[in-house]
Amino acid sequence: MIYLDYNATTPLDRRAAAAMQPFLGAFCGNPSSIHRAGREARAALDNARDKIAALLRAKPNEIIFTSGGTESDNLAIVGLARAHATRGKHLITATTEHHAVLHAFEHLQKRDGFRVTWLAVDHFGRIDLAELTGAIGDDTTLVSIMSANNETGTLQPVGDIARVCHERGVLFHCDMVQSFGKIPVDVRRDGPDAISISAHKFYGPPGAGTLWLRSGISIEKIHYGGSHENERRPGTENVAAIVGMAEAAALAVADAAAEQTREAELKEALRAGLQSIFPGAIFNGHPSERLANTLSATFPGADAETLLINLDLAGICASSGAACMVGSVLPSHVLLAMGVAPELAKCTIRFSLGKQTTPNEITSTIDSMSKIFARLEPALAE
Ligand code: PLP
């Protein structure tokens, strides 16, 4: 099998799996228990918290463990908006965010009476800083913009967004689910007030995530129960997954620079190969401000679902940006927001490369795509 869907999820690093092993056994205690088993679990949790904090150059008490990227995004957006609602009820985000962000804002708009500005993006998927600046009013409390888009890999100007927000006294949450472990982050330098990350995107286990929240900023809980995570996220901690997340995070950060260079070369080989077998192919996203591993390719006239099924039959896993809704395939909201026509959006597939991707796999993928296009040729010519 050739796996080119690392933006969906990554395989668990075996060193992270080994770190988790002791906490999957029969005697992993509850970190809130005062006996020895509990104390051992608590020590592992504290250790994981210190490790993740150090990687972000943050303080350990700024780390809130969650169940993943979706929960981190929900907690940041709903929790910060509600905690600061006495200052104002206007929020800002972009149309190309992940649904974990978009749906949280929609909820606040529909149920809690917040006003939301949905920033447009240009053809590359980037927001306009002047538009952001103009949208901020006296009642704006929170801006949420992602660092890297999951479908196209386009990067947003995070440092500039942070500067604009802070000049106006507005909180800035950044969904770094796709960029963490690929692009360095230093919370003291980069400027967001809150950051979401998710373990299964950087070779950790699914079901573990982190919300980093700058100390001194209040947040309302969105779950109710015990006093875990400093009264910010109740529920017994998933010790094994959190230990695995911390180990995977350290490993990803350690070889990020070399790995990004390697993946950029492989992605460029894939892009050039696809362009040569399908000269009309269009590649989406920003040409330089982008993740090294992500290639969003439109093949006009070739239906994405058909391509993906044919790739799957050839043993290749890729994905489309489209979401399946009650039997019909809707074109990706990200591509539509970038001005891609719906009929082209439906002809778009995403390849996302990762640590296990080899040059041979890229050659085989180009070869398979060439055979698929040859088979589909009569339909393409219609
Ligand atoms: N944000 C982005 C940009 C993502 O790509 C994803 C997952 O695809 C999420 C949030 C949600 O993360 P999780 O799958 O950990 O809930």
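Treat the numbers as computed from the prediction; the structure is a model and nothing was measured. (Residues numbered from 1 in each chain as written. Predicted model: local features only at pLDDT ≥ 70, side-chain atom pairs only at ≥ 80, totals over all residues. Heavy atoms only, no water.)

Further remarks concern the overall build of the protein. For the protein, the helix and strand inventory stands at 14 helices and 15 strands. Here the C-alpha radius of gyration of the protein, 21 Å, is about what a compact globule of 382 residues would show, namely 21 Å. Referenced to the eigenvectors of the C-alpha coordinate spread, the extents of the protein come out at roughly 70 × 50 × 40 Å. By residue count, 53% of the 382 residues in the protein fall in the buried class. When the 35 positive and 42 negative side-chain charges of the protein are each reduced to one mean point, those points stand 5 Å apart. (Helix = DSSP H or I, 4+ residues; strand = E, 2+ residues; numbered from the N terminus. Rg over C-alpha atoms; globule rule 2.2 N^0.38 Å. Buried < 20%, exposed > 50% of the residue type's maximum accessible area, 1.4 Å probe, protein only. Lys, Arg positive; Asp, Glu negative; His and termini not counted. Charge placed at Lys NZ, Arg CZ, Asp CG, Glu CD.)

A word on the site of the ligand. For the ligand, the set of nearby residues contains 13 residues, the closest of which are Gly-69, Thr-70, Asp-175, Ser-198 and Lys-201. Between the ligand and Gly-69, the relevant distance is 2.8 Å, taken from an oxygen atom to a main-chain nitrogen or oxygen of the residue. Within the contact set of the ligand, an oxygen atom lies 2.6 Å away from a side-chain nitrogen or oxygen of Ser-198. Burial of the ligand by the surrounding chains reaches 85%, relative to a free accessible area of 390 Å². When its residues are assigned to classes, the shell around the ligand shows two nonpolar, eight polar and three charged. (Near = heavy atom within 4 Å. Polar contact = N/O pair within 3.5 Å; in protein donor to acceptor, adjacent residues only side chain to side chain. Areas by Shrake-Rupley, 256 points an atom, 1.4 Å probe, with all protein chains shown as cover. Nonpolar A, V, L, I, M, F, W, Y, C, P; charged D, E, K, R; others polar.)

Right, let's get into the nonpolar core. Core analysis: the largest hydrophobic core is formed by 49 residues, its most contacted members being Leu-56, Leu-132, Val-143, Phe-172 and Phe-202. Core analysis: the second largest hydrophobic core is formed by 26 residues, Ala-297, Leu-307, Ile-366 and Leu-376 among them. (Core = buried A, V, L, I, M, F, W, Y, C linked by side-chain atoms within 4.5 Å.)

This part covers the side chain of Arg-233. Locating Arg-233 in the fold gives a position in the loop between α8 (228–231) and α9 (239–254). A distance of 2.7 Å separates polar atoms of two side chains, one belonging to Arg-233 and the other to Glu-71. The residues touching Arg-233, leaving out its near neighbours within four places in the chain, are Ile-64, Phe-65, Thr-66, Ser-67, Glu-71 and His-228. (Contact = heavy atoms within 4.5 Å.)

Our focus in this paragraph is helix α11 (residues 304–313). Taken together, the buried positions of α11 are occupied by Ala-304, Leu-307, Leu-308, Asn-310 and Leu-311. In a view along the axis of α11, the buried residues occupy a sector of 165°, so they form one face of it. Those residues of α11 that are exposed and angled more than 90 degrees off the buried face are Ile-309, Asp-312 and Leu-313. (Arc of directions from axis to C-beta.)

Now for the packing of helix α3 (residues 69–83) against helix α4 (residues 99–111). Following both chains from N to C, one finds α3 and α4 inclined at 30°, their axes separated by 9 Å at the closest point. Our classification of the angle between α3 and α4 gives roughly parallel. You can see that α3 and α4 cross each other, and the crossing is right-handed. Here α3 contributes Thr-70, Asp-73, Asn-74, Ile-77, Val-78, Ala-81 and Arg-82 to the contact with α4, which in turn contributes Ala-100, Val-101, Ala-104, Phe-105, His-107 and Leu-108. (Axes fitted to C-alpha atoms, helices over the stretch in contact; angles between N-to-C directions. Parallel < 35°, antiparallel > 145°, perpendicular 65-115°, else oblique. Left-handed = near helix turned anticlockwise from the far one by under 90°.)

As a further point, take the side chain of Arg-126. The residue Arg-126 is located in the loop between β4 (115–119) and α5 (129–135) in this model. One buried charge, Arg-126, has no salt-bridge partner; the nearest side chain with opposite charge is Glu-289, at 4.2 Å. Those residues within four positions of Arg-126 in sequence are excluded, and the remaining contacts are Ala-120, Val-121, Thr-154, Leu-155, Gln-156, Pro-157, His-286 and Glu-289. (Salt bridge = Lys/Arg side-chain N within 4 Å of Asp/Glu carboxyl O.)

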